Number of protein chains: 2
Amino acid sequence: MTDKQQNILIIGAGLCGSLLALRLGQRGYNVSVYEKRPDLRKVNISAGRSINLAFSDRGNKAIKLVGLEEQVKSLCIPMNGRMIHDVHGNTFQSNYSGREYEFINSVSRGDLNALLLTEAEMHKNVNIYFNRKCKSVDFEKTTALFEDYETKKQFVEDADVIIATDGAGSAMRKSYYLGKKFLFSFSQDYLTHGYKELSILPDEKNGYRTYKNALHIWPRKDFMLIALPNLDGSFTVTLFLSYEDGEYNFNNLTTEKSVLEFFKKEFPDALVIMPNLLDDFFKNPTSPLGTIKCSPWHYKGNTLLMGDAAHAIVPFYGQGMNASFEDVVEFDKVLAQNLKTWEQVFKTYESNRKKNTDAIADLAIDNFHEMKDHVAHPIFQKKRKLEMALEKEFPDRYSSKYSLVTFNENIGYREAMLRGRAQDKAILNLLTNDEISLEDDLKSTLEKVMKETEAILEDDRIAGLK
Amino acid sequence: MTDKQQNILIIGAGLCGSLLALRLGQRGYNVSVYEKRPDLRKVNISAGRSINLAFSDRGNKAIKLVGLEEQVKSLCIPMNGRMIHDVHGNTFQSNYSGREYEFINSVSRGDLNALLLTEAEMHKNVNIYFNRKCKSVDFEKTTALFEDYETKKQFVEDADVIIATDGAGSAMRKSYYLGKKFLFSFSQDYLTHGYKELSILPDEKNGYRTYKNALHIWPRKDFMLIALPNLDGSFTVTLFLSYEDGEYNFNNLTTEKSVLEFFKKEFPDALVIMPNLLDDFFKNPTSPLGTIKCSPWHYKGNTLLMGDAAHAIVPFYGQGMNASFEDVVEFDKVLAQNLKTWEQVFKTYESNRKKNTDAIADLAIDNFHEMKDHVAHPIFQKKRKLEMALEKEFPDRYSSKYSLVTFNENIGYREAMLRGRAQDKAILNLLTNDEISLEDDLKSTLEKVMKETEAILEDDRIAGLK
């Protein structure tokens with residue numbers, strides 16, 4: 001059933017779909033990809049959507065799998081840590097890891113997608129069609145209904161297998177939900193905050209107007225501003241703010257005066273380098289932030305959801321693209337097992353994978369609170385300082401939650417979450433109770449932290465009667 | 001806006017809707033209730049749905065509010081604890097509380113609903129219409145579209161306020177979801193288990209064939225059978241079993257032979273008193289078990305979801321009806337504040353209430369695992385024994401998680417969950433580490449448990465940076 005002559009239809013040629021097409025092309029399958037948007041190599045289609053993304057080790061594992069590591073590297077700007085900006089414009093940097101070789105990258109969504117499309121199309125068994133929007137999927141017949149935006153005509157495609165990588169608004173997931181042919185667990189959870197993209201343009205010499213190799217954060221407890229660098233000297237800036245709560249919110253920031261007042265009060269150092277603020281603010285849309293989970297991802301051996309279509313997450317851990325790329329790695333691993341049927345492939349893949357995508361969804365919500373609020377707490381800052389020292393001194397023995405999630409692609413998100421949360425709890429409690437401090441001998445601190453972490457994990461196991 | 005001349009339209013005359021109609025009738029509002037089913041006082045409409053339910057203190061608080069305590073009491077059969085049946089037919093009872101006056105009740109859904117309908121209709125400002133199915137709600141216009149099952153005609157009703165108490169499959173919630181006019185967070189989560197109702201009929205003298213005053217459980221780790229008594233001498237029995245996993249499951253129990261084999265092996269003592277097993281098994285439907293959460297419950301000051309329409313839960317804590325009744329108590333409390341607009345009423349109600357209905361949803365899932373599995377663990381049994389002793393010895397100082405949830409109607413579900421989980425964790429860990437035992441002095445045990453519970457809560461607060 002899973003042999004190479006099979007016809008695989010992929011819905012959506014975004015980051016996940018184009019990487020999947022490339023990998024399945026490399027494996028020799030006949031792959032057809034249908035994408036609703038025009039070819040982004042020919043038309044600018046960003047339209048206020050996130051134009052740069054954080055790219056890190058889990059994503060890179062997938063890129064290595066398809067042999068594009070060097071090409072992707074040339075698109076990346078390393079970010080070694082968070083640059084925190086307080087309300088007076090003071091900054092301090094908090095690294096992502098105590099190990100120098102661990103950092104994340106800012107990468108252009110469009111450039112990366114274009115590369116993957118071009119590489120996929122080099123395989124003559126891969127065909128990509130643009131301007132074809134999927135309207136619905138008949139998962140019992142393994143057919144999909146499309147509308148051709150150019151001819152305005154509808155047509156049906158069939159295949160041996162359909163894989164939908166059509167993002168958070170997936171048409172196939174909607175068909176699962178509305179079909180009511182099987183028990184489909186589903187959730188969409190919106191934050192009360194939305195986001196708006198802004199920008200810091202390059203200076204006159206096309207240089208960066210603030211420090212290039214960091215993810216900048218202006219944490220203000222109930223809201224925040226962040227900025228990631230682009231190759232052209234600009235930064236993409238994102239404001240995360242409540243729709244309706246607080247003194248300033250998206251619903252009441254309706255005049256130039258109030259927007260300027262807000263930025264002057266809260267982000268004075270950013271305002272100075274954002275002369276184009278008002279243009280951006282009133283031109284770009286305000287968009288919601290949501291988490292989507294569902295199950296099952298597959299219908300028998302006919303259809304499968306992957307990437308954001310199966311598990312959309314909020315952006316605060318910088319893991320959305322990385323998780324979708326890791327889907328392809330995990331799916332590829334199951335293909336390599338040469339199981340007899342697609343149903344076995346899909347079932348094995350979901351059973352290995354879902355616990356991990358659930359975990360990164362929850363971690364991403366945690367990080368929302370960490371970024372807008374906790375990074376400004378003295379005890380949190382103490383914890384990070386200590387973790388950097390532990391990682392530097394014991395590179396093989398200690399990894400913070402952030403490191404486990406971001407730089408340890410050989411353990412799953414769920415394991416990273418369980419261990420990472422226990423460690424955080426251990427350190428915060430040991431610090432609060434003065435059982436460890438930044439002045440202590442690091443070796444004895446490491447041992448106390450590890451012992452307390454194990455005790456927390458063990459207590460949780462006992463309480464779970466496992 | 002919220003004055004008494006307002007017309008309130010209630011969709012659904014189930015347990016929550018009829019109680020709400022009664023209470024709003026008592027408060028003097030003009031209330032119209034539309035129910036899709038026929039009047040259950042005239043027609044038997046059970047159709048294999050749960051015919052008895054657990055009724056406890058939170059539900060009773062609402063019943064007291066409307067002045068029906070004595071009448072409801074006459075419909076109740078007290079259940080003092082769980083009667084656990086092992087695979088050999090041995091039984092042991094585990095009480096719900098160490099305080100004698102704390103027990104839960106088995107009550108007929110139909111009898112209770114009939115009482116509430118009759119009481120509501122005694123108010124001339126309350127009108128109830130049956131056989132009218134709500135098709136959709138226009139929450140911007142505050143109108144609802146109905147189909148009259150008798151005339152087959154559709155009609156539109158408008159009102160000052162619409163409250164939907166139309167259960168887990170709520171038509172108004174569907175209108176919220178499909179309308180896409182505001183950010184609507186929504187989840188439906190199915191267990192991989194389903195349920196089927198069976199029965200133990202009365203004996204020849206209309207007596208009970210097994211002990212009357214208990215909730216019977218046959219826990220088998222991956223599945224279970226339970227039984228609750230009815231006033232007529234019968235028990236309603238429910239089998240909770242996976243659809244597709246395990247040696248026996250709903251998908252493969254398709255022959256009389258396999259069903260008998262399954263019961264003979266797993267529930268031999270139940271089988272003896274269920275001569276009608278095969279009839280029930282093949283006549284009654286297998287139904288799914290799901291949790292529904294959503295937010296917001298209201299649209300401006302126009303419409304509001306209550307009861308299962310807003311928060312359907314799995315049945316394992318016996319709190320579904322109690323939570324819906326408590327909704328009415330909480331809503332009534334907000335009405336008593338005389339806020340200026342319905343929007344303020346709805347917003348205040350949801351902000352007070354949602355954290356608690358989220359908590360009982362999660363507790364109910366926990367209890368699924370507790371009932372089918374943990375109750376058979378030696379350490380869990382030791383914990384329960386100890387808790388019974390603590391509750392008996394220190395009735396004013398100790399309440400188990402079960403007691404906090406079930407018998408402490410003056411604290412919310414969320415507080416009950418946080419304190420209850422911490423206590424469970426404390427006791428299980430203290431027992432495992434031999435720091436307390438059943439033989440110790442109870443006073444010193446209580447102090448250790450309380451100290452450890454506080455430490456756990458404090459550690460969680462610190463780890464949450466709160």
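Residues numbered from 1 in each chain as written. Chains lettered and ligands numbered in written order. Predicted model: local features only at pLDDT ≥ 70, side-chain atom pairs only at ≥ 80, totals over all residues. Heavy atoms only, no water.

## Digging into the nonpolar core
Right, on to step 1. A:L24, A:F325, A:F331, B:L24, B:F325 and B:F331 are the most contacted members of the largest nonpolar core, which totals 146 residues.
Right, on to step 2. Not counting residues within four places of it along the chain, the set of residues in contact with A:F325 comprises A:L15, A:C16, A:L19, A:F55, A:G59, A:A62, A:I63, A:L112 and A:L116. (Core = buried A, V, L, I, M, F, W, Y, C linked by side-chain atoms within 4.5 Å. Buried < 20%, exposed > 50% of the residue type's maximum accessible area, 1.4 Å probe, protein only. Contact = heavy atoms within 4.5 Å.)

## What to know about the packing of aromatic side chains
Residue and element names in this part refer to chain A.
Right, on to step 1. Per the stated rule, a full pass over the model turns up 71 aromatic pairs over all chains.
Right, on to step 2. Measuring from ring centre to ring centre gives 4.6 Å for Y96 and Y402, while their planes differ by 15°; the resulting arrangement is stacked. Of this pair, Y96 sits in the loop between β6 (91-95) and β7 (104-108) while Y402 is found in helix α12 (residues 401-406), placing the two residues 306 residues apart along the sequence.
Right, on to step 3. A relative accessible area of 3% means that Y96 is categorised as buried.
Right, on to step 4. Taken together, a centroid distance of 5.3 Å and an interplanar angle of 80° make the contact between Y176 and F182 edge-to-face. For the pair Y176 and F182, one class covers both residues: buried. (Phe/Tyr/Trp six-rings, centres within 6.5 Å; stacked < 30°, edge-to-face > 60°. Helix = DSSP H or I, 4+ residues; strand = E, 2+ residues; numbered from the N terminus.)

## Notes on the pattern of salt bridges
Right, on to step 1. Within the structure shown, the criterion is met by 63 salt bridges over all chains.
Right, on to step 2. Measuring nitrogen to oxygen at the nearest pair gives 3.3 Å for the salt bridge that ties A:E147 to A:K135. Here A:E147, found in strand β10 (residues 143-148), pairs with A:K135, found in strand β9 (residues 132-138); they are twelve residues apart in sequence, far enough to count as distant.
Right, on to step 3. Of the residues examined, A:K135 reaches a relative accessible area of 37% and is grouped as partly exposed.
Right, on to step 4. One salt bridge connects B:K181 with B:E140, and the closest N-O pair in it is separated by 3.1 Å. Highlighted residues: B:K181 in the loop between α5 (171-179) and β13 (185-200) and B:E140 in the loop between β9 (132-138) and β10 (143-148), separated in sequence by 41 residues. (Salt bridge = Lys/Arg side-chain N within 4 Å of Asp/Glu carboxyl O.)

## Quick notes on helix α4 (residues 109-121) of chain A
Because each turn of an α-helix spans 3.6 residues, side chains separated by three or four positions end up pointing in the same direction.
Residue and element names in this part refer to chain A.
Right, on to step 1. An ideal rise of 1.5 Å per residue puts 18 Å on 13 residues; α4 measures up with 18 Å between its terminal C-alpha atoms.
Right, on to step 2. Of all the positions in α4, only L112, N113, A114, L115, L116, L117, E119 and A120 are classed as buried.
Right, on to step 3. Close packing links the buried residues of α4 with α1 (15-26), α2 (57-65), α3 (69-73), β7, β8 (126-129) and α9 (320-335). (Expected span 1.5 Å × (residues − 1).)

## Some points on the sheet that holds strand β3 (residues 52-55) of chain B
Residue and element names in this part refer to chain B.
Right, on to step 1. In space, the three strands of this open sheet follow the order β3-β7-β4, with antiparallel pairing throughout. The strands lining the two open edges of the sheet, one partner per strand, are β3 and β4 (77-79). Sheet twist, expressed as the average angle between the axes of neighbouring strands with direction ignored, equals 35°.
Right, on to step 2. Across three bridges, the pairing between β4 and strand β7 (residues 104-108) is antiparallel. Each residue of the ladder has a partner; that of P78, found in β7, is N105.
Right, on to step 3. On the sheet, helix α4 (residues 109-121) packs against β3 and β7 and is oriented at approximately 75° with respect to β7. (Pairing = 2+ DSSP bridges. Axes fitted to C-alpha atoms, helices over the stretch in contact; angles between N-to-C directions.)

## A short note on the interface of chain B and chain A
Right, on to step 1. Listed by partner, the interface residues are 27 residues for chain B and 27 residues for chain A.
Right, on to step 2. Taking both partners together, chain B and chain A bury about 2,600 Å²; carbon and sulfur atoms supply 59% of that area.
Right, on to step 3. Here chain B and chain A share four salt bridges between them.
Right, on to step 4. In this structure, B:D460 engages A:K425 in a salt bridge whose closest nitrogen and oxygen atoms are separated by 2.5 Å.
Right, on to step 5. The interface formed by chain B and chain A includes twelve residue pairs in polar contact (both at pLDDT 80 or more).
Right, on to step 6. For the side of chain B that touches chain A, the secondary-structure elements that each account for two or more residues are β13, α12 (378-393), α14 (413-432) and α15 (442-463) of chain B.
Right, on to step 7. Top contributing element to the side of chain B that touches chain A by residue count: β13(B), with six residues.
Right, on to step 8. When grouped by side-chain class, the residues that make up the side of chain B that touches chain A number 13 nonpolar, eight polar and six charged.
Right, on to step 9. Sheet topology places strand β13 (residues 185-200) of chain A next to β13(B); three bridges connect them, and they run antiparallel. Its bridge partner being in β13(B), A:Q188 is matched across the sheet by B:F186. (Buried area = accessible area lost by both parts, 1.4 Å probe. Polar contact = N/O pair within 3.5 Å; in protein donor to acceptor, adjacent residues only side chain to side chain. Nonpolar A, V, L, I, M, F, W, Y, C, P; charged D, E, K, R; others polar.)

## Structural notes on the side chain of B:R99
Right, on to step 1. As for its position among the elements, B:R99 is in the loop between β6 (91-95) and β7.
Right, on to step 2. Residues within four places of B:R99 in sequence aside, it is in contact with B:E391, B:F394, B:P395, B:Y398, B:S399 and B:S403.

## Section: the pairing of β8(A)
Residues and elements named next belong to chain A.
Right, on to step 1. Burial along β8 is one-sided: V126 and I128 are buried, while N127 and Y129, pointing the other way, are not.
Right, on to step 2. Both strand β2 (residues 30-34) and β8 contribute to a ladder of four bridges, which runs parallel. Across the sheet, residue Y34 finds its bridge partner in β8, namely Y129.

## Considerations on the sheet that holds β9(B)
Residue and element names in this part refer to chain B.
Right, on to step 1. Strand order in this open sheet of three strands is β9-β10-β11, and the pairing throughout is antiparallel. Since the sheet does not close on itself, it has two edges, and those belong to β9 and β11 (154-158), each with one partner. With strand direction ignored, the average angle separating the axes of adjacent strands in the sheet is 30°.
Right, on to step 2. Bridge analysis of β9 against β10 gives six bridges, and the strand direction is antiparallel. Counterpart to R132 in the pairing with β10 is D148.

## Notes on the relation of the copies chain B and chain A
Right, on to step 1. Screw-axis analysis of chain B against chain A gives a translation of 0.0 Å along the axis, an RMSD of 0.0 Å, and a rotation angle of 180°. Expressed as an axis order, the relation between the two copies is that of a two-fold axis. Taking C-alpha positions as reference, the residue of chain B nearest the rotation axis is B:S187, located at 1.9 Å.
Right, on to step 2. Most of the interface of chain B is mirrored in chain A: 100% of its interface residues are interface residues there too. (Least-squares fit on C-alpha atoms with pLDDT ≥ 70 in both.)

## A closer look at the domain arrangement of chain A
Residue and element names in this part refer to chain A.
Right, on to step 1. Segmentation of chain A into domains returns domain 1 (7-76 + 107-188 + 290-368), domain 2 (190-288) and domain 3 (377-462).
Right, on to step 2. Taken together, the contact pairs 17 residues of domain 1 with 16 residues of domain 3.
Right, on to step 3. Here domain 1 meets domain 3 over a buried area of about 1,500 Å², counting both sides, of which 54% is carbon and sulfur.
Right, on to step 4. Joining domain 1 to domain 3, the criterion identifies one salt bridge.
Right, on to step 5. Counting only elements with at least two residues in the side of domain 1 that touches domain 3, the list comes to α2, α9 and α10 (342-372).
Right, on to step 6. Tallying contributions element by element places α10 first for the side of domain 1 that touches domain 3, with eight residues. (Domains from an automatic or database assignment.)

## A word on a negative patch on the surface
Right, on to step 1. Taken together, the side chains of A:E393, A:E439, A:D440 and A:D441 define an acidic patch exposed on the protein surface.
Right, on to step 2. Tracing the chain through its elements places A:D441 in the loop between α13 (413-432) and α14 (442-463). (Patch = residues over 30% accessible without salt bridge, like charges linked within 9 Å, V, L, I, M, F, W, Y side chains within 5 Å. Areas by Shrake-Rupley, 256 points an atom, 1.4 Å probe, with all protein chains shown as cover. Lys, Arg positive; Asp, Glu negative; His and termini not counted. Charge placed at Lys NZ, Arg CZ, Asp CG, Glu CD.)

## A few points about helix α11 (residues 378-393) of chain A
Residues and elements named next belong to chain A.
Right, on to step 1. End to end, α11 covers 23 Å across 16 residues, agreeing with the expected 22 Å (1.5 Å per residue, within 8%).
Right, on to step 2. Three or more residues of α11 are buried, namely F380, K383, R384, L386, E387, M388, L390 and E391.
Right, on to step 3. Those residues of α11 that are buried lie in contact with β5 (81-85), β6, α10, α12, α13 and α14.

## Comments concerning the environment of A:L228
All names here are of chain A.
Right, on to step 1. On the secondary structure map, L228 appears in strand β15 (residues 224-229).
Right, on to step 2. Judged by its relative accessible area of 7%, L228 falls in the buried class.
Right, on to step 3. In this structure the C-alpha to C-alpha distance between L228 and L239, which are eleven residues apart in sequence, comes to 12 Å.

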